[in-house]
Amino acid sequence: LKAERQRHAGELEQSSSSNFAALDAERQRHAEELEQSSTDHATALDSERRRHAAELSSSTELLSLEKDHESSSALATALRARDEEHASVLSALERELGESNERTVAELR
């Protein structure tokens, strides 16, 4: 009976030891998977941040170009209106000068 108990205790200890080793191996595997998952998540997050920053920069640049285009269009329209006004004023002045020259020539004759 004593020999049977010792044999049983040895088997129990051996079984316990192999169970602890299996649990330790499983814990280690789980820790490695968790670390890899964390690294993958950090990499994906960093990639998303860079993509978002690039999109934001692109959108800001596009908005700036659109505003420049609108300002340029508004300026071009204002300049055309001013040019038309100057042309009409210049035409009126040329008419006046022509009439004045004709009067002066007529007076000199």
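The preceding data block contains the structure.
If you're wondering where the values come from, they're calculated on a predicted model, not measured in any experiment.

**Q** For this particular structure, what's the right way to read the overall build of the protein?
**A** When you go through the protein residue by residue, the secondary structure sums to 1 helix and 0 strands. On C-alpha atoms alone, the protein measures out to a radius of gyration of 46 Å, which is more than a quarter above the 13 Å that the 2.2 N^0.38 rule sets for 109 residues. In the protein, which comprises 109 residues, the share counted as buried stands at 0%. On the protein, roughly 10000 Å² of surface is accessible, and the fraction owed to carbon and sulfur atoms is 55%. The protein carries 14 positive and 24 negative side-chain charges, and their two centres are separated by 7 Å.

**Q** Looking at this structure, I do not really get the pattern of salt bridges. What am I missing?
**A** Side-chain pairing between opposite charges can occur once the charged atoms of the two side chains come close. Tallied over the full model, the rule gives 9 salt bridges. When the shortest N-O distance is used, the salt bridge between E55 and R51 registers 2.5 Å. Linking E55 with R51, this pair stays in helix α1 (residues 2–108), spanning 4 residues, or about one helical turn. Each member of the salt-bridge network shares a partner with another, and the members are E4, R7 and E11.

Rules used throughout
- Residues numbered from 1 in each chain as written.
- Predicted model: local features only at pLDDT ≥ 70, side-chain atom pairs only at ≥ 80, totals over all residues.
- Heavy atoms only, no water.
- Helix = DSSP H or I, 4+ residues; strand = E, 2+ residues; numbered from the N terminus.
- Rg over C-alpha atoms; globule rule 2.2 N^0.38 Å.
- Buried < 20%, exposed > 50% of the residue type's maximum accessible area, 1.4 Å probe, protein only.
- Areas by Shrake-Rupley, 256 points an atom, 1.4 Å probe, with all protein chains shown as cover.
- Lys, Arg positive; Asp, Glu negative; His and termini not counted.
- Charge placed at Lys NZ, Arg CZ, Asp CG, Glu CD.
- Salt bridge = Lys/Arg side-chain N within 4 Å of Asp/Glu carboxyl O.

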